[in-house]
Amino acid sequence: GAGVSQSPSNKVTEKGKDVELRCDPISGHTALYWYRQSLGQGLEFLIYFQGNSAPDKSGLPSDRFSAERTGGSVSTLTIQRTQQEDSAVYLCASSFLGSGQPQHFGDGTRLSIL
Amino acid sequence: KQEVTQIPAALSVPEGENLVLNCSFTDSAIYNLQWFRQDPGKGLTSLLLIQSSQREQTSGRLNASLDKSSGRSTLYIAASQPGDSATYLCAVASGAGSYQLTFGKGTKLSVIP
């Protein structure tokens, strides 16, 4: 497809389990971003990848969160030992290059921790 | 730390009316400002991006202005339609990472037929 693709669209899991969220950016976009959208907190930046540079992980809320980007394309966000406060919509975006370019978002993964 | 505020939180208007959504930010040292639209259960759709050196951008019935010195932006929607109903988010790129967006909490717009 032409847009940013995220999977799964919904994920329900038990507290303490690990989850993996996937993002396929727009072809040719070198920059990839993860955000979290939760009630009351709005949208928060989590992590940024640009080409082969070291990612900016400054927004990750704890060491239970990690992300990788393979081959400069697909990215996975992993949450270990999930907690109820991790429940949110996780949005991925990509852009052509980095700063100054509009970011294009996927529809997100709605994560619910029971 | 950059903070972005959007007023009002919700707005309801009759179809055909022109309307203005407001966004303010605390740190005027921004790289750019983006307006997004979010439909329920969906991601964000980029509407307009204004670079810090620009004063406004237009796309169809939408016009966004930027006054960096006062920390304000407005999104003007002309001749509103029911299909414009959505949440509108303002985001600014600032700080050490010029790509890092700080978002407002949005204005939920309802256009009544």
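Now for a look at the structure at hand. Computed from a predicted structure; not experimentally measured.

## Thoughts on the overall build of chain A
Part 1 of the reasoning: Each helix and strand counted, chain A has zero helices and 10 strands in total.
Part 2 of the reasoning: Counting from the amino terminus, chain A carries its helices and strands in the arrangement β-β-β-β-β-β-β-β-β-β.
Part 3 of the reasoning: Taking 114 residues into account, the globule formula puts the C-alpha radius of gyration at 13 Å, and chain A, at 13 Å, falls close to it.
Part 4 of the reasoning: Summarising its shape, the C-alpha atoms of chain A cover approximately 35 × 30 × 30 Å along the three principal directions.
Part 5 of the reasoning: Each of the 114 residues in chain A was classed as buried or not, and the buried ones make up 48%.
Part 6 of the reasoning: Put simply, 55% of the contacts in chain A that link residues at least 6 apart link residues at least 24 apart.

## Quick notes on the packing of aromatic side chains
Part 1 of the reasoning: Scanning the entire structure with this criterion turns up 10 aromatic pairs over all chains.
Part 2 of the reasoning: Aromatic pair Tyr33 of chain A and Tyr35 of chain A: ring centres 6.3 Å apart, planes at 25°, arrangement stacked.
Part 3 of the reasoning: The class for Tyr33 of chain A is buried, based on a relative accessible area of 0%.
Part 4 of the reasoning: Consider the rings of Tyr35 of chain A and Phe103 of chain B, whose centres lie 5.6 Å apart with planes at 85°: the pair is edge-to-face. Separated into two different chains, Tyr35 of chain A in strand S4 (residues 31–38) and Phe103 of chain B in strand S10 (residues 101–103) make up a pair that spans both.
Part 5 of the reasoning: Of the residues examined, Phe103 of chain B reaches a relative accessible area of 8% and is grouped as buried.
Part 6 of the reasoning: Ring pairing ties together the aromatic residues Tyr33, Tyr35, Phe45, Tyr48 and Phe105 of chain A together with Phe36, Tyr99 and Phe103 of chain B, which thus form one cluster.

## Observations regarding the nonpolar core
Part 1 of the reasoning: Counting 22 residues, the largest nonpolar core has Phe25, Leu33, Trp35, Leu75, Ile77, Tyr88 and Leu109 of chain B as its most contacted members.
Part 2 of the reasoning: Mapped onto this core, the elements with two or more residues apiece are strand S3 (19–25), strand S4 (30–38), strand S5 (44–51), strand S7 (62–67), strand S8 (72–77), strand S9 (86–94) and strand S11 (107–112) of chain B.
Part 3 of the reasoning: Non-local contacts of Tyr88 of chain B, meaning those with residues more than four positions away in its chain, are made with Gln6, Leu21, Phe36, Arg37, Leu47, Leu75, Ile77, Gly106, Thr107 and Leu109 of chain B.
Part 4 of the reasoning: Core analysis: the second largest hydrophobic core is formed by 20 residues, Val19, Leu21, Phe49 and Ile79 of chain A among them.

Scoring rules and cut-offs
Residues numbered from 1 in each chain as written. Chains lettered and ligands numbered in written order. Predicted model: local features only at pLDDT ≥ 70, side-chain atom pairs only at ≥ 80, totals over all residues. Heavy atoms only, no water. Helix = DSSP H or I, 4+ residues; strand = E, 2+ residues; numbered from the N terminus. Rg over C-alpha atoms; globule rule 2.2 N^0.38 Å. Buried < 20%, exposed > 50% of the residue type's maximum accessible area, 1.4 Å probe, protein only. Contact = heavy atoms within 4.5 Å. Phe/Tyr/Trp six-rings, centres within 6.5 Å; stacked < 30°, edge-to-face > 60°. Core = buried A, V, L, I, M, F, W, Y, C linked by side-chain atoms within 4.5 Å.

It is worth stressing that arrangement in space is one thing and function is another; only the former is reported here.
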